[in-house]
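Letter by letter, the chains look like this.
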Amino acid sequence: VQLVESGGGLVQAGGSLRLSCAASGFTFSSYAIRWFRQAPGKERELVARIHSAGGRTNYADSVKGRFTISRDNAKNTVYLQMNSLKPEDTAVYYCNALGPLYANDYWGQGTQVTVSS
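Residues numbered from 1 in each chain as written. Predicted model: local features only at pLDDT ≥ 70, side-chain atom pairs only at ≥ 80, totals over all residues. Heavy atoms only, no water.

**Q** Got a minute to help me understand unusual backbone geometry in this structure?
**A** Backbone geometry follows two general trends: most residues other than glycine have a negative phi, and most peptide bonds adopt the trans configuration. One non-glycine residue with positive phi stands out, namely Ser 84, at about 50°. On the secondary structure map, Ser 84 appears in the loop between strand 8 (77-82) and strand 9 (91-98). Residue classification places Ser 84 among the partly exposed residues on the basis of a relative accessible area of 41%. Phi is positive for Tyr 102, which is not a glycine, with a value near 60°. Inspection of the secondary structure puts Tyr 102 in the loop between strand 9 and strand 10 (105-107). For Tyr 102, a relative accessible area of 59% corresponds to the exposed category. (Helix = DSSP H or I, 4+ residues; strand = E, 2+ residues; numbered from the N terminus. Buried < 20%, exposed > 50% of the residue type's maximum accessible area, 1.4 Å probe, protein only.)

**Q** Any chance you could explain the packing of aromatic side chains here in plain terms?
**A** How two aromatic rings sit relative to each other is given by the distance of their centres and the angle of their planes. Applying the stated criterion to the full structure yields 5 aromatic pairs. Aromatic pair Phe 26 and Phe 28: ring centres 6.4 Å apart, planes at 50°, arrangement tilted. The residues Phe 26 and Phe 28 share a single accessibility class, namely buried. On the numbers, 5.8 Å between centres and 20° between planes, the contact of Tyr 31 with Tyr 106 is stacked. Taken together, the positions of Tyr 31 in the loop between strand 3 (17-24) and strand 4 (32-38) and Tyr 106 in strand 10 put the pair 75 residues apart, joining distant regions of the chain. Tyr 31 sits in the buried class, given a relative accessible area of 6%. Among the aromatic residues, those joined into a cluster by ring pairs are Phe 26, Phe 28, Tyr 31 and Tyr 106. Its guanidinium or amino end placed over the ring of Trp 107, Arg 44 lies 4.7 Å from that ring's centre, counting from NZ or CZ. Taking NZ or CZ as reference, Arg 71 lies 4.6 Å from the ring centre of Phe 28, over its face. (Phe/Tyr/Trp six-rings, centres within 6.5 Å; stacked < 30°, edge-to-face > 60°. Lys NZ or Arg CZ within 6 Å of the ring centre and 35° of its normal.)

Structure, rendered in C-alpha coordinates:
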(Lines give C-alpha, C1' and ligand atoms only; values in the text may rest on other atoms or scores of the structure.)
Protein backbone atom coordinates (compact mmCIF):
# COMPACT_ATOMS: atom_id res chain seq x y z
CA VAL A 1 0.00 0.00 0.00
CA GLN A 2 1.33 3.40 -0.93
CA LEU A 3 0.14 6.97 -0.82
CA VAL A 4 2.55 9.41 -2.41
CA GLU A 5 1.97 13.13 -2.09
CA SER A 6 3.50 15.67 -4.43
CA GLY A 7 3.09 19.28 -5.47
CA GLY A 8 4.19 21.04 -2.33
CA GLY A 9 6.61 23.92 -2.35
CA LEU A 10 7.19 27.57 -1.59
CA VAL A 11 4.64 30.13 -2.78
CA GLN A 12 3.85 33.74 -2.00
CA ALA A 13 0.69 34.70 -0.18
CA GLY A 14 -2.20 34.85 -2.60
CA GLY A 15 -0.70 32.20 -4.82
CA SER A 16 -1.86 28.70 -5.66
CA LEU A 17 -0.60 25.14 -5.43
CA ARG A 18 -2.09 21.82 -6.42
CA LEU A 19 -1.23 18.82 -4.31
CA SER A 20 -1.59 15.29 -5.65
CA CYS A 21 -1.91 12.02 -3.80
CA ALA A 22 -1.23 8.92 -5.88
CA ALA A 23 -2.46 5.67 -4.39
CA SER A 24 -1.61 2.04 -5.03
CA GLY A 25 -2.07 -1.33 -3.42
CA PHE A 26 -5.71 -1.09 -2.39
CA THR A 27 -9.15 -0.55 -3.91
CA PHE A 28 -8.88 3.21 -4.19
CA SER A 29 -12.44 3.85 -5.31
CA SER A 30 -13.81 2.29 -2.11
CA TYR A 31 -11.89 4.62 0.17
CA ALA A 32 -12.63 8.08 1.44
CA ILE A 33 -9.59 10.30 1.06
CA ARG A 34 -8.69 13.05 3.47
CA TRP A 35 -6.06 15.76 3.46
CA PHE A 36 -4.62 16.73 6.82
CA ARG A 37 -1.99 19.31 7.66
CA GLN A 38 0.32 19.85 10.57
CA ALA A 39 2.17 23.04 11.31
CA PRO A 40 5.14 23.14 13.70
CA GLY A 41 3.98 22.99 17.29
CA LYS A 42 0.36 22.39 16.33
CA GLU A 43 -1.91 19.38 16.19
CA ARG A 44 -2.71 17.66 12.92
CA GLU A 45 -5.77 19.28 11.36
CA LEU A 46 -8.29 17.80 8.94
CA VAL A 47 -8.42 20.09 5.93
CA ALA A 48 -10.65 18.37 3.39
CA ARG A 49 -12.36 15.07 2.73
CA ILE A 50 -13.84 13.43 -0.32
CA HIS A 51 -16.09 10.42 0.01
CA SER A 52 -15.64 7.26 -1.97
CA ALA A 53 -18.97 7.19 -3.74
CA GLY A 54 -20.43 10.23 -5.38
CA GLY A 55 -17.49 12.43 -4.44
CA ARG A 56 -19.23 14.32 -1.64
CA THR A 57 -16.78 16.75 -0.07
CA ASN A 58 -16.22 18.44 3.28
CA TYR A 59 -13.85 21.24 4.25
CA ALA A 60 -12.46 22.86 7.35
CA ASP A 61 -13.87 26.33 7.87
CA SER A 62 -10.38 27.77 7.54
CA VAL A 63 -10.09 26.66 3.90
CA LYS A 64 -13.67 26.81 2.61
CA GLY A 65 -13.91 28.75 -0.60
CA ARG A 66 -10.14 28.55 -1.17
CA PHE A 67 -9.36 24.82 -1.36
CA THR A 68 -10.98 22.20 -3.57
CA ILE A 69 -10.55 18.47 -3.20
CA SER A 70 -11.23 16.16 -6.13
CA ARG A 71 -10.49 12.62 -7.18
CA ASP A 72 -9.83 10.68 -10.35
CA ASN A 73 -10.61 7.05 -9.63
CA ALA A 74 -9.28 6.00 -13.04
CA LYS A 75 -5.86 7.36 -12.03
CA ASN A 76 -6.09 6.41 -8.34
CA THR A 77 -5.29 10.01 -7.52
CA VAL A 78 -6.74 12.72 -5.34
CA TYR A 79 -5.98 16.39 -5.75
CA LEU A 80 -6.10 19.38 -3.44
CA GLN A 81 -6.26 22.66 -5.31
CA MET A 82 -5.22 25.44 -2.98
CA ASN A 83 -5.92 29.02 -4.00
CA SER A 84 -5.51 32.35 -2.22
CA LEU A 85 -2.90 30.82 0.02
CA LYS A 86 -2.10 32.47 3.33
CA PRO A 87 0.98 32.22 5.55
CA GLU A 88 -1.15 30.32 8.07
CA ASP A 89 -1.58 27.57 5.47
CA THR A 90 2.10 26.71 5.93
CA ALA A 91 2.32 23.10 7.08
CA VAL A 92 3.17 19.58 6.08
CA TYR A 93 0.18 18.21 4.17
CA TYR A 94 -0.67 14.53 4.49
CA CYS A 95 -2.93 12.34 2.42
CA ASN A 96 -5.00 9.73 4.25
CA ALA A 97 -7.12 6.89 2.89
CA LEU A 98 -9.91 5.60 5.10
CA GLY A 99 -11.48 2.28 4.20
CA PRO A 100 -15.10 1.15 4.45
CA LEU A 101 -16.30 0.93 8.06
CA TYR A 102 -12.93 2.48 9.00
CA ALA A 103 -11.33 -0.96 8.71
CA ASN A 104 -8.14 0.38 7.13
CA ASP A 105 -6.33 3.67 7.48
CA TYR A 106 -3.33 4.54 5.32
CA TRP A 107 -1.06 7.59 5.36
CA GLY A 108 1.34 9.21 2.96
CA GLN A 109 4.70 10.65 3.94
CA GLY A 110 3.63 14.27 3.62
CA THR A 111 4.58 17.21 1.46
CA GLN A 112 5.72 20.61 2.72
CA VAL A 113 3.78 23.72 1.80
CA THR A 114 5.31 27.04 2.72
CA VAL A 115 3.50 30.32 2.11
CA SER A 116 5.56 33.47 2.44
CA SER A 117 4.07 36.83 3.35
